[in-house]
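# Close look at the chain arrangement
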Amino acid sequence: ILDYIAYGTDSAKENVLQSHVDYCSKFFNTKIAFEEDALRYISDMAYESGLGFRNVNTLLSSALNKFYYTLKPNQKSRVKKVVIDKKYIVEQLKSK
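Below: a short report on this structure. (Residues numbered from 1 in each chain as written. Predicted model: local features only at pLDDT ≥ 70, side-chain atom pairs only at ≥ 80, totals over all residues. Heavy atoms only, no water.)

## Quick word on the overall build of the chain
- Per the secondary structure count, the chain includes five helices and two strands.
- In the chain, the succession of α and β elements from N to C terminus is α-α-β-α-α-β-α.
- Expressed as a percentage of the 96 residues in the chain, the buried residues total 34%.
- For the chain, restricting intrachain contacts to residue pairs at least 6 apart in sequence, the fraction spanning at least 24 positions comes to 75%. (Helix = DSSP H or I, 4+ residues; strand = E, 2+ residues; numbered from the N terminus. Buried < 20%, exposed > 50% of the residue type's maximum accessible area, 1.4 Å probe, protein only. Contact = heavy atoms within 4.5 Å.)

Spelled out as structure tokens, the structure:
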């Protein structure tokens, strides 16, 4: 699952991780990056859910939802780059 998160598949029109990176860049003028342990955690959670890759976008969206609301759309943000780590993902998914 981790490879699918990071690289997508031939049949996928868009890489799920890249869609979040692009969204953050386009609407918030902020670059977002993920540490490997964060992606591995999401991958493990998706696998354990029994839904596998189908659950990855849901988990990513849930984990990043609060983050997206703290940024102001279409404005020059003071925040130029954010690195998402496992600790942040765990905290955000725990509150769901």
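## Some details on helix α2 (residues 16-28)
- Between its first and last C-alpha atoms α2 spans 18 Å; for 13 residues at 1.5 Å apiece the expected length is 18 Å, and the two agree.
- All buried positions along α2 are accounted for by V16, L17, H20, C24 and F28. The arc that holds the buried residues of α2, viewed along the axis, is 120°, so those residues lie on one side.
- Count one or two residues on from α2 and you reach N29, which has phi positive near 55°. (Expected span 1.5 Å × (residues − 1). Arc of directions from axis to C-beta.)

## Some thoughts on the pattern of salt bridges
- As enumerated under the stated definition, the model contains one salt bridge in all.
- Between R40 and E36 there is a salt bridge, with its nearest N and O atoms 2.7 Å apart. On the criterion of helical spacing, the pair formed by R40 and E36 is a turn pair, its members being four residues apart in helix α3 (residues 36-48).
- A relative accessible area of 39% means that R40 is categorised as partly exposed.
- The exposure class assigned to E36 is exposed, which follows from its relative accessible area of 52%. (Salt bridge = Lys/Arg side-chain N within 4 Å of Asp/Glu carboxyl O.)

## Examining the nonpolar core
- Grouped together as the largest cluster of nonpolar side chains are 22 residues, with contacts concentrated most on F34 and F67.
- Only α2, β1 (31-34), α3, α4 (56-70), β2 (81-84) and α5 (86-94) provide two or more residues apiece to this core.
- Of the residues forming this core, the biggest block, seven residues, is contributed by α4.
- Aside from chain neighbours lying at most four places away, what touches F34 is L17, V21, L39, L60, L64 and I84. (Core = buried A, V, L, I, M, F, W, Y, C linked by side-chain atoms within 4.5 Å.)

## Description of the pairing of β1
- Burial of the side chains of β1 is restricted to one face: I32 and F34 are buried, whereas none of K31 and A33 on the reverse face is.
- Taken together, the four bridges between β1 and β2 define a ladder with parallel strand orientation. What sits directly across from F34, in β2, is I84. (Pairing = 2+ DSSP bridges.)

## So, α3
- The end-to-end C-alpha distance of α3, which contains 13 residues, comes to 18 Å, matching closely the 18 Å that a straight helix rising 1.5 Å per residue would cover.
- Count one or two residues on from α3 and you reach G50, which has phi positive near 85°.

## Description of the environment of N29
- Structurally, N29 can be placed in the loop between α2 and β1.
- Looking at N29, the relative accessible area reads 31%, which means it is partly exposed.

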